[in-house]
Amino acid sequence: MSEDSKFPVAAEIEALVPSEKLEKIKRSFVELDSNHDGKIALEEYLEYFLAMEREKLLKRFQYTDKNQDGYIEFEEFLIAAEPNYSLLKRFREFDANHNGLLSVEEALQIAEEFKFPITREWLDQLVQVDQAGKKRISYNEYLGAVMRFGFQ
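Residues numbered from 1 in each chain as written. Predicted model: local features only at pLDDT ≥ 70, side-chain atom pairs only at ≥ 80, totals over all residues. Heavy atoms only, no water.

For the rest of this paragraph, the subject is the overall build of the protein chain. Across its full length, the protein chain holds 8 helices and 3 strands. When its helices and strands are written in sequence order, the protein chain yields α-α-α-α-α-β-α-α-β-β-α. Residue burial in the protein chain is summarised as follows: out of 152 residues, 24% are buried. Long-range contacts, defined as pairs at least 24 residues apart, comprise 35% of the intrachain contacts of the protein chain with a sequence gap of at least 6. As presented, the protein chain carries roughly 11200 Å² of accessible surface, and 55% of it is formed by carbon and sulfur atoms. (Helix = DSSP H or I, 4+ residues; strand = E, 2+ residues; numbered from the N terminus. Buried < 20%, exposed > 50% of the residue type's maximum accessible area, 1.4 Å probe, protein only. Contact = heavy atoms within 4.5 Å. Areas by Shrake-Rupley, 256 points an atom, 1.4 Å probe, with all protein chains shown as cover.)

This part takes up unusual backbone geometry. Notably, glutamine 68 is not glycine yet its phi reads approximately 50 degrees, a positive angle. By the element assignment, glutamine 68 lies in the loop between helix H3 (42-64) and helix H4 (74-81). On the basis of relative accessibility, which here comes to 53%, the residue glutamine 68 falls in the exposed class. At lysine 115, a position not held by glycine, the phi torsion is positive, near 60 degrees. Relative to the assigned elements, lysine 115 resides in the loop between helix H6 (104-113) and helix H7 (120-126).

So, about the packing of aromatic side chains. Scanning the model with the defined rule gives 4 aromatic pairs in all. Ring centres of tyrosine 45 and phenylalanine 49 lie 4.8 Å apart, and the angle between their planes is 55 degrees; this geometry places the pair in the tilted category. With tyrosine 45 and phenylalanine 49 both in helix H3 and 4 residues apart, this pair spans about one turn of that helix. Here tyrosine 48 and phenylalanine 49 contribute two aromatic rings whose centre-to-centre distance is 5.0 Å and whose plane-to-plane angle is 85 degrees, an arrangement assigned as edge-to-face. Under the relative-accessibility criterion, phenylalanine 49 is labelled partly exposed at 35%. (Phe/Tyr/Trp six-rings, centres within 6.5 Å; stacked < 30°, edge-to-face > 60°.)

Another point: the pattern of salt bridges. With the rule as written, the count across this model stands at 6 salt bridges. When the shortest N-O distance is used, the salt bridge between lysine 26 and glutamate 23 registers 3.0 Å. Here glutamate 23 and lysine 26 lie together in helix H2 (residues 19-32), a separation of 3 residues that amounts to about one turn. Lysine 26 sits in the buried class, given a relative accessible area of 3%. (Salt bridge = Lys/Arg side-chain N within 4 Å of Asp/Glu carboxyl O.)

The subject of this paragraph is a nonpolar patch on the surface. Residues Ile40, Leu42, Tyr45, Leu46, Phe49, Leu50 and Met52 make up a contiguous nonpolar surface patch of about 640 Å² in total accessible area. Within the fold, leucine 46 resides in helix H3. Its relative accessible area of 34% is what places leucine 46 among the partly exposed residues. (Patch = residues over 30% accessible without salt bridge, like charges linked within 9 Å, V, L, I, M, F, W, Y side chains within 5 Å.)

Scope: geometric values only; no functional claims are made or implied.
As structure tokens, this is what we get:
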């Protein structure tokens, strides 16, 4: 039994559970047993796990608050709720004539901004040729290409 453990552990338990694992379990128990009475009360249990959850939520809030002003504005919330929003927004910014299509060069610029490993050769295989004979890619084709690489 370790020095930080202030409770007895039955010999049967010590015989059945490997010592390294038992020490880890005992440390966890001691951490939850904040009043060190050898028992974990509901309040101790809730306090411990709510503190852990609070820390996770704080990190999530800070990640969502892109401009770090202490508030989550609607667009920041939207980006968190709809991961493809930023890509769609950038796609629309490049789509000057609002026809829902981009040139291969424009699609490559977006890929570079978002650090997607998309090459001209790969895009050439996806694009369609419009009435003017120019190669174009639609948002859905582009999103599909990006998702195949595992990005969202």
